[in-house]
Amino acid sequence: MHTVAERPVAAIYARLSEEDQGKTEKESSNSIINQVMLLRQYAEREGWDVYDCYTDDDWTGADRNRPAFNRLLRDAEQGRFNIVLCKTQSRFTRELEMVEKYIHGLFPQWGIRFVGAVDHADTNVRGNKKSRQINGLVNEWYLEDMSENIRAVLTTRRREGCYIGSTPLYGYCKDPEQKGHLVVDPEAAGVVKLIFHSFAGGMGKTAIARMLNEKGIPNPTEYKRQKGLIKKAPPHKAGTLWKYFSIADILANEMYIGNLVQGKYGSISYKTKQNKPIPREQWIRVEHTHEPIVEKGLWDTVQKMRQERAKPFSTGEIGLFARKVRCKHCGYIMRSGKGRGRRYLNCSSRHVAEDTCIGSFIYVDKLEEVVLEEVRKINRRFLDEKTLEDEIEIKEDPYGDIEKWKGQCSFQRQRIHQMDTAIKNLYLDKVKGDVDVEQFQVLYRELDLDKENAKEEIKQLEQKIQQVQQQSSGHRGKKEIVQEYINPSGLSRPIVECLIDHIEVSRRDPETKMIKIEIHWNF
């Protein structure tokens, strides 16, 4: 840990304010410069040295991923300065939770004083804490109100037929003469038409992707990057390729016949950028808002063919590692398959273009074996067997709980039966044409997910019942119970979701015959 000089050393933090976001790039930069100048003058008057200036331009006060903000926190923990100086407390953060965590929690532990030059927030002033907490609460209300206002404005604009996406849909450009209006991009629109005509002519989605890649046509993301609409380059060459899902999304997008369909996803909370799917019936759909690229007759033909090619129901089982495993060589999510009675995961990039990816492959049971052993290692490292054994309480009269859990199991089985009936009826509606293929897929996924959740709850309840029955009959002691936590016998989808962000799999080494597996945990 670094030590600071006897003379106070301040870290200056400046952030572009929320209300300044509409300004030009030059004005935004000047806003940051003005903040830094003001704070340097303040530090000079107080007789403080300045360790460094940390600036986040165009970042909101609720965003915890601000790069300079997080660099400041790392340096603060290392003791590189003993004062954090901001224009106001809200420039540091607008979240009350972050005020309590850092300004009132960790900063005092690290020997750091927090000062707001304009709003007089100062952790060295007794009685100032309540004022800072009130300011934090007001800032939190401001964030929530602003989020609700923005959501209301965006919903209104969507209902008025305005396109509000940050980048235009592939095949279109933003109209320079009319905000929220789309105009056809002739170059990309030609590719969209080729995709629709090729599918109508009998080509499959993977075959169409391969054709476009052989022609050297960039996929939508790479096309937008080349046009300067997005900046981030793909990490691998395969990131510029067309894939099966890219073709599938275009063929199903109603916006290509001139209708705006928006509001498919919504934010979980104003405190996070994570989104969640919105039920189809709540999507905002406005017809004839822009020039179509695909004629209605061709669209209808393609939708009918898509419906006819839709696969009947599978078992509905969600794969243990579904969308969690990526190819180490190209970064794409590995797809599931089955051969010779075994489930496997493989990279599909090699099916859509040559010389792009060497193609990773691994059997699911082998991957489960590796991951399970890593989970056990982590448990043995962080879970103390003696402590767990001391904290476990074995009830002498557990049967009240058992009866309750049996009742819950019965309820979930009834729900599964109802969902099976609903799925059967939904499939019949699809066959009769009462439900289109997109509605069918959305509703099926919702029912299937509910069914899987109900099955998982039954499984967990039955495990509880079995454990308690064994405990009460004296067949199992505390030590045996603890071992189930430290050395689990298997993995489940909830465990994978909870513990693992993603897994990267490399191709088998031709010499050692080993497959390199990298697990990226959620902690």
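Report follows, based on the coordinates. (Residues numbered from 1 in each chain as written. Predicted model: local features only at pLDDT ≥ 70, side-chain atom pairs only at ≥ 80, totals over all residues. Heavy atoms only, no water.)

### Here we look at the sheet that holds strand β11 (residues 325-327)
Step number 1: The strand order across the open sheet built from three strands is β11-β15-β16, with neighbouring strands paired in mixed fashion. Only two strands of the sheet have a single partner each, and these edge strands are β11 and β16 (517-521). Along the sheet, successive strands turn relative to each other by an average axial angle of 25 degrees, direction set aside.
Step number 2: Across three bridges, the pairing between β11 and strand β15 (residues 500-505) is parallel. Of the residues in β15, the one forming a bridge with C327 is V505. (Pairing = 2+ DSSP bridges. Helix = DSSP H or I, 4+ residues; strand = E, 2+ residues; numbered from the N terminus. Axes fitted to C-alpha atoms, helices over the stretch in contact; angles between N-to-C directions.)

### Some words on the packing of helix α6 (residues 186-200) against helix α7 (residues 205-214)
Step number 1: In the contact formed by α6 and α7, the axes pass within 10 Å of each other and the chain directions differ by 140 degrees. The orientation of α6 relative to α7 falls into the category oblique. In this structure, the crossing between α6 and α7 has a hand that is right-handed. In this structure, α6 contributes V191, L194, I195, S198 and F199 to the contact, and α7 contributes K205, I208, M211 and L212.
Step number 2: Here the residues of the contact of α6 with α7 are counted per class, giving seven nonpolar, one polar and one charged. (Parallel < 35°, antiparallel > 145°, perpendicular 65-115°, else oblique. Left-handed = near helix turned anticlockwise from the far one by under 90°. Contact = heavy atoms within 4.5 Å. Nonpolar A, V, L, I, M, F, W, Y, C, P; charged D, E, K, R; others polar.)

### Observations concerning the nonpolar core
Step number 1: With 32 residues, the main nonpolar core has Y170, I195, F196, L212, W242, Y256 and V294 as its most contacted residues.
Step number 2: Mapped by element, the contributors of at least two residues to this core are α6, α7, α9 (244-251) and α10 (296-309).
Step number 3: Broken down by element, the residue count for this core peaks at seven residues, all from α6.
Step number 4: Non-local contacts of Y256, meaning those with residues more than four positions away in its chain, are made with L169, Y170, Y172, V192, F196, I250, P292, I293 and V294.
Step number 5: Of all hydrophobic cores here, the second largest spans 22 residues; its members include A11, Y102, F107 and I112. (Core = buried A, V, L, I, M, F, W, Y, C linked by side-chain atoms within 4.5 Å. Buried < 20%, exposed > 50% of the residue type's maximum accessible area, 1.4 Å probe, protein only.)

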